[in-house]
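Residue strings, one per chain:
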Amino acid sequence: MGEIEGTYRVLQTPGSRLGVQKTTGVSTLEPGQNLSTAMASSPAKMHERDLPIKIKMLDNTVEVLDIESKYYGQTLLTEVYKHLNLIESDYFGIEFQNIQSCWIWLEPMKPVIKQVRRPKTTMLRLAVKFFPPDPGQLQEEYTRYLFALQIKRDLAEERLTCSDNTAALLVSHLLQSEIGDFDETEDREHLKTNQYLPNQERIEGKILEFHRKHVGQTPAESDFQVLEIARKLEMYGIRFHLASDREGTKINLAVSHMGVLVFQGNTKINTFNWSKVRKLSFKRKRFLIKLHPEVCGPYQDTLEFLLGSRDECKNFWKICVEYHTFFRLFDQPKPKAKAVFFTRGSSFRYSGRTQKQLVDYIKDSGMKKTPYERRHSKARASTRASNTDVPKQSVPFTEGLRTPGSPASAAAPFHSVHSSATPTPVLPIFAETSPSSLDPRASYTRIPEKNTAAPAEEAGRKLMQQPGSPMLQGLPVDHPQLSSLALKSPLGLNPTFQVNLNAAGQGSSPLLSPVLSDAGGARVEEDDEMKRKRYPTDKAYFIAKEILATERTYLKDLEVITVWFRSAVIKENAMPEGLMTLLFSNIDPIYEFHRGFLKEIEQRLSLWEGKTNAHVKGDYQRIGDVMLRNMRTLKEFTSYLQKHDEVLTELEKATKRLKKLEMVYKEFELQKVCYLPLNTFLLKPIQRLMHYKLILGRLCKHYTAEHRDFADCRNALKEVTEMTSQLQHSLIRLENFQKLTELQHDLIGIDNLTAPGREFIREGCLYKLTKKGLQQRMFFLFSDMLLYTSKGVTGTNQFKIHGHLPLHGMLVEESENEWAVPHCFTIYSAQKTIVVAASTRLEMGKWMEDLNMAIEMAKKSTEKSDMLLENSVCNRSNRSSDEVSLEQESEDDIHSSRSSLDRQSHHRANTTMHVCWYRNTSVSMTDHSVAVENQLSGYLLRKFKNSNGWQKLWVVFTNFCLFFYKTHQDDYPLASLPLLGYAVSSPVEADGIQKDYVFKLQFKSHVYFFRAESKYTFERWMEVIKRATSSPARSSLLLPKGEKDSHTD
């Protein structure tokens, strides 16, 4: 269950609260703590630099609060509520816009600076967070006034859409509340200077007509009428979150007191009541709603929606969790017991009073309500010129913003600023503060609560965090949900989270697919057994079948270029005619040849399997003649294959030069059919020759010299060996160039990574020693330099370069004893000295061996790496060589670079570097070359650890990753599983697998079983996965052949 990034088990709560047993949730507070004690429990800290935080209130005035940089969100919320003398504060929250311009609620249990990227320039704003279905549930008149201001804001921002009549009626009540009884001249003047609605001039007559009927109505009555009208509207309290359903239809998701809502446009098309929801979860961009089986049946109980990004999905999931807790639970969630060794699941939970607790508090506290007087602005009309209408706070708020016990803490007063005089780089507000604004707090004072302080950060933080749990791309790892929407979400390489609030049913899958459900498992097994009895069992047959399966995959890969990419560039007219001719005139003939070749193989296998009477003669139970004939024909295409070097180079140059082609290229890489980096597909024709050579070698090894198929297979092997020998050097150069261009797209801060003479050697995750301790960094080793980067929180999945070290003059030595850090070594260079640690001793050995080898190569090189660095790498560092680099990298430094980011609004996340980052491992160019030789396709039966049935899937293994399809005819994979770090083995008795030819994949607690159709197929899958994912040390590649085989197998 570790695959779900966030889950929330919805507790079963009845529709009526009264007389029902109480149900509680989970909180992150310590046992015996509430929010106030949690905030005040940290030790005293030294005074830190104050941050001016600007908060726009509901009346559009701007308050500036100077807070300490380490303040938690709860402290800021408490001070704002005290400033407003607000008792029913739990209905409200503070929101801000993130870099994607999405509104995010400030979390109480996190420091403000960890949530708001630029707190000095960001405008936060107070807003209503929870909209009760009945405004009568609001106990205080002042709270209802603030709610009315929220309705006013929603009207101005076009969030509360309604008919013209309703909009006019709402505005008329707002006019009555603000300026009093109807006066046509004053009304028209007021409407000219105050924008309640976009294009309100159209309905100004209706507004005046309605306002005329409200004579004598008090401001409080007007506010209540506003809420009564608004609550009946479908868009009351609705905040849209853009999404799409399984069919790709654009929809809007929202949450309310009753449950999760689905809108198409502004029309509500579905409601999932809390009483029907069993669990809410998200995995990357996918938001999942699991319903109770009695609602929709056992096979369609999970609904899936795709949001714009993982952050948007997590944000919506958090809001749903908070809404459910606030409106459905009776008590504040109980504290969550701390795990002794490790924790799993999102730590986020709603921390605050529920609605029932809030209502009971107001009723039972016996607090004497301080009357506050609402006055129409007419009473102050004569004072407008003197600006006394601008709300001011007469009492400086110096209490509650100091850390207890810290005498150096300075006062942090509020400063009231008129909104029109304050720049607001956030969403435009139509209704600004009018000259007739009133101060609702003028005669409304209460005794302030005791101050709270931010809790100290957890002292026992681990220096080296474990990488994220494995997951399928687009799918949870414990179920093969076939959703076409899920494919192109970012690769599941983020650390995964899970929270289960209901112990029952933990073993069940969070997704049940009617297409690949376990219910069909028995039938699949029976059919498979019948086929095994009917089909041949000769090893040569299964080798031929491997040729067929991999040829099908290869042809689909060619179609990515010849069909899909061609269509994309023609549609946008993005590629110059010369490049079009160069690219497609070279690959089209190859594609057409392989289409015919595939048909021949399919026909031969059909005859071999005995589907006609021809097999009685035995003429067709061989493949060598087909291979020989086609290998001889393929030799004629060698000239085309030799031009692939030029094609790849010209395509890369054109994407750098032509903005339109660059955008089409990037957009195409995000499509479902492009499951690998695009230029990888251009290498497939040459790599396919290597596969033919290996397969024919196995056939020749299997056959005896007297076998009638042996001579043809041997001659076909000679033909393909001759071709590969001509193209071997070209393939090595192309694979290096392809890897460099892939990294060029993935890295921010380097402009010419593909410089002549540069070779890629290794990429992987290491922990670099900084002032904060060991920080995870991604390292890239080339023949002339070493780069280290971090994965920033940006709109892309790119890595930002933090440092570069030339290999010329570099020295590497082990330093575990010096720093008392396991698997630690020090890198000395002319620029700086850094200390890094690997995850295992084997990883450390790989890095040190490759570094020393690269340093020796750099010494022999006539070109100095510094010349390349001057022309390619940005932001050089001049730290002295005798100083160990323990720099503290700020958030601004991590995310400041925009040289490449501005050119990439989208980016892939399924590259090898992202797998290394989250699996805490590394991959060398040698590993990439080994992986190219170990590719496989075919049908397998898949079973999860806790499931019963087997599911038949078309599986493709390439680039260290398993890609899952429903059939071999599908154009794109439904899911993927990166296998770096996985161990492949045969099941043990404890696994309870009673079938033959089953292999087991395991990474930590994640276990999968795959069942092959024959002993040969079983051994092949075990072989290719083990060789491609074991990532042996470079020294093992230099061992004698016998030792090498024993090491890798």
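Here, the structure is the one placed above.
Note that the structure is a prediction, hence the values are computed from the model and not measured.

### Describing the pairing of strand S14 (residues 302-307)
Among the six residues of S14, five are classified as buried, and the element is accordingly described as predominantly covered. Inspection of the sheet shows strand S8 (residues 241-244) paired to S14 by two bridges, in the antiparallel sense. Of the residues in S14, the one forming a bridge with Ala-243 is Leu-307. Strand direction decides the pairing type here: strand S13 (residues 286-291) and S14, joined by five bridges, are antiparallel.

### Comments concerning unusual backbone geometry
Even without being a glycine, Arg-284 presents a positive backbone phi close to 55 degrees. Overall, Arg-284 belongs to the buried group, its relative accessible area being 1%. Even without being a glycine, His-823 presents a positive backbone phi close to 55 degrees. Within the secondary structure, His-823 sits in the loop between helix H22 (816-819) and strand S23 (824-828).

### Notes on the pattern of salt bridges
Per the stated rule, a full pass over the model turns up 48 salt bridges. For Asp-360, the salt bridge identified is with Lys-356, shortest N-O distance 3.0 Å. Residue Asp-360 and its partner Lys-356 are located together in helix H11 (residues 355-364), separated by four residues, close to a single helical turn. Residue class for Asp-360 comes out partly exposed when judged on its relative accessible area of 29%. Across the pair Asp-625 and Arg-604 runs a salt bridge whose closest N-O atoms are separated by 2.8 Å. Separated by 21 residues along the polypeptide, Asp-625 in helix H15 (residues 624-634) and Arg-604 in helix H14 (residues 577-608) bring together distant segments of the chain. Look at Arg-604 and you get buried, because its relative accessible area is 9%. A cluster of three or more residues bridged by salt bridges with shared partners is formed by Glu-546, Arg-698, Arg-1020, Glu-1023 and Arg-1027.

### Quick look at empty space enclosed by the protein
By the definition in use, this model includes 13 cavities of 30 Å³ or more. In this structure, the largest cavity encloses a volume near 390 Å³. Every element with two or more residues in the lining of the largest cavity is listed here: helix H20 (684-702), helix H21 (710-746), helix H26 (912-919), helix H27 (925-933), strand S28 (961-965) and strand S29 (975-978). For the lining of the largest cavity, the element with the most residues is H27, which contributes five residues.

### Notes on the packing of helix H13 (residues 539-572) against helix H28 (residues 1015-1029)
How two helices pack is summed up by the angle between their axes together with the distance between the axes. Interhelical geometry of H13 versus H28 gives an angle of 50 degrees and a closest axis separation of 9 Å. Classified by the angle between their axes, H13 and H28 sit oblique to one another. Seen from H13, the contacting residues are Lys-539, Phe-542, Ile-543 and Glu-546; seen from H28, they are Tyr-1016, Thr-1017 and Arg-1020.

### Some words on the side chain of Ser-1014
Its location among the elements puts Ser-1014 in the loop between strand S32 (1006-1011) and H28. A distance of 2.7 Å separates polar atoms of two side chains, one belonging to Ser-1014 and the other to Thr-1017. Not counting the four nearest positions on each side in its chain, Ser-1014 is found in contact with Phe-542 and Tyr-997.

### Some points on the environment of Leu-583
Tracing the backbone shows Leu-583 in helix H14. C-alpha separation for the pair Leu-583 and Arg-566, spaced 17 residues apart in sequence, amounts to 9.7 Å. Beyond its immediate chain neighbours, meaning those up to four positions away, Leu-583 contacts Ile-561, Phe-565, Met-575, Val-647 and Leu-682.

### Focus on the sheet that holds strand S30 (residues 983-985)
Sheet architecture is open: seven strands sit in the order S29-S28-S27-S26-S32-S31-S30, paired in antiparallel fashion. Each edge of the sheet is formed by a strand with only one pairing partner; in this case those strands are S29 and S30. Between one strand axis and the next, the sheet turns by 35 degrees as a mean value, whatever way the strands run. Bridge count between strand S26 (residues 936-944) and strand S27 (residues 951-958): seven bridges; the pairing is antiparallel. If you follow Tyr-939 over to S27, its bridge partner there is Trp-954.

### Regarding the environment of Ala-838
For Ala-838, the location among the structural elements is in the loop between strand S24 (833-837) and helix H23 (841-860). Considering only alpha carbons, one finds Ala-838 and Gln-776, 62 residues apart in sequence, at a separation of 10.0 Å.

### Re the nonpolar core
Counting residues in hydrophobic clusters, the biggest one holds 93 residues, and the most contacted among them are Leu-76, Phe-92 and Phe-287. Considering each element in turn, this core owes the most residues, nine residues, to helix H10 (residues 310-328). Non-local contacts of Phe-287, meaning those with residues more than four positions away in its chain, are made with Leu-253, Leu-280, Ser-281, Phe-282, Leu-303, Glu-304, Phe-305, Leu-307, Cys-313, Phe-316, Trp-317 and Cys-320. Grouped together as the second largest cluster of nonpolar side chains are 81 residues, Phe-542, Ile-590, Val-626 and Leu-734 included.

### Describing H10
A rise of 1.5 Å per residue sets the reference length of H10, with its 19 residues, at 27 Å; its end C-alpha atoms lie 27 Å apart and thus fit the reference within 8%. Of all 19 residues making up H10, 17 are buried, and the element is well covered by its neighbours.

### Here's the deal with the packing of H14 against H15
At a closest axis distance of 11 Å, the pairing of H14 and H15 adopts a crossing angle of 175 degrees. By the angle between their axes, H14 is roughly antiparallel relative to H15. Seen from H14, the contacting residues are Phe-593, His-594, Phe-597, Glu-600, Ile-601 and Arg-604; seen from H15, they are Asp-625, Val-626, Met-627, Arg-629, Asn-630, Met-631, Thr-633 and Leu-634. Per-class residue counts for the contact of H14 with H15 are seven nonpolar, three polar and four charged.

### Let's talk about H11
Gln-355, Leu-358, Val-359 and Ile-362 are the residues of H11 that are buried. Buried positions in H11, seen along its axis, are confined to an arc of 95 degrees and lie on one side of it. If you follow the buried residues of H11, they end up packed against H10.

What counts and how
- Residues numbered from 1 in each chain as written.
- Predicted model: local features only at pLDDT ≥ 70, side-chain atom pairs only at ≥ 80, totals over all residues.
- Heavy atoms only, no water.
- Buried < 20%, exposed > 50% of the residue type's maximum accessible area, 1.4 Å probe, protein only.
- Helix = DSSP H or I, 4+ residues; strand = E, 2+ residues; numbered from the N terminus.
- Pairing = 2+ DSSP bridges.
- Salt bridge = Lys/Arg side-chain N within 4 Å of Asp/Glu carboxyl O.
- 1 Å grid on protein atoms, 1.4 Å probe; cavity = no way out; pocket = protein on both sides within 12 Å on 5 of 7 lines; lining within 4 Å.
- Points joined across faces, edges and corners; volume = space filled by probe spheres on them.
- Axes fitted to C-alpha atoms, helices over the stretch in contact; angles between N-to-C directions.
- Parallel < 35°, antiparallel > 145°, perpendicular 65-115°, else oblique.
- Contact = heavy atoms within 4.5 Å.
- Polar contact = N/O pair within 3.5 Å; in protein donor to acceptor, adjacent residues only side chain to side chain.
- Core = buried A, V, L, I, M, F, W, Y, C linked by side-chain atoms within 4.5 Å.
- Expected span 1.5 Å × (residues − 1).
- Nonpolar A, V, L, I, M, F, W, Y, C, P; charged D, E, K, R; others polar.
- Arc of directions from axis to C-beta.

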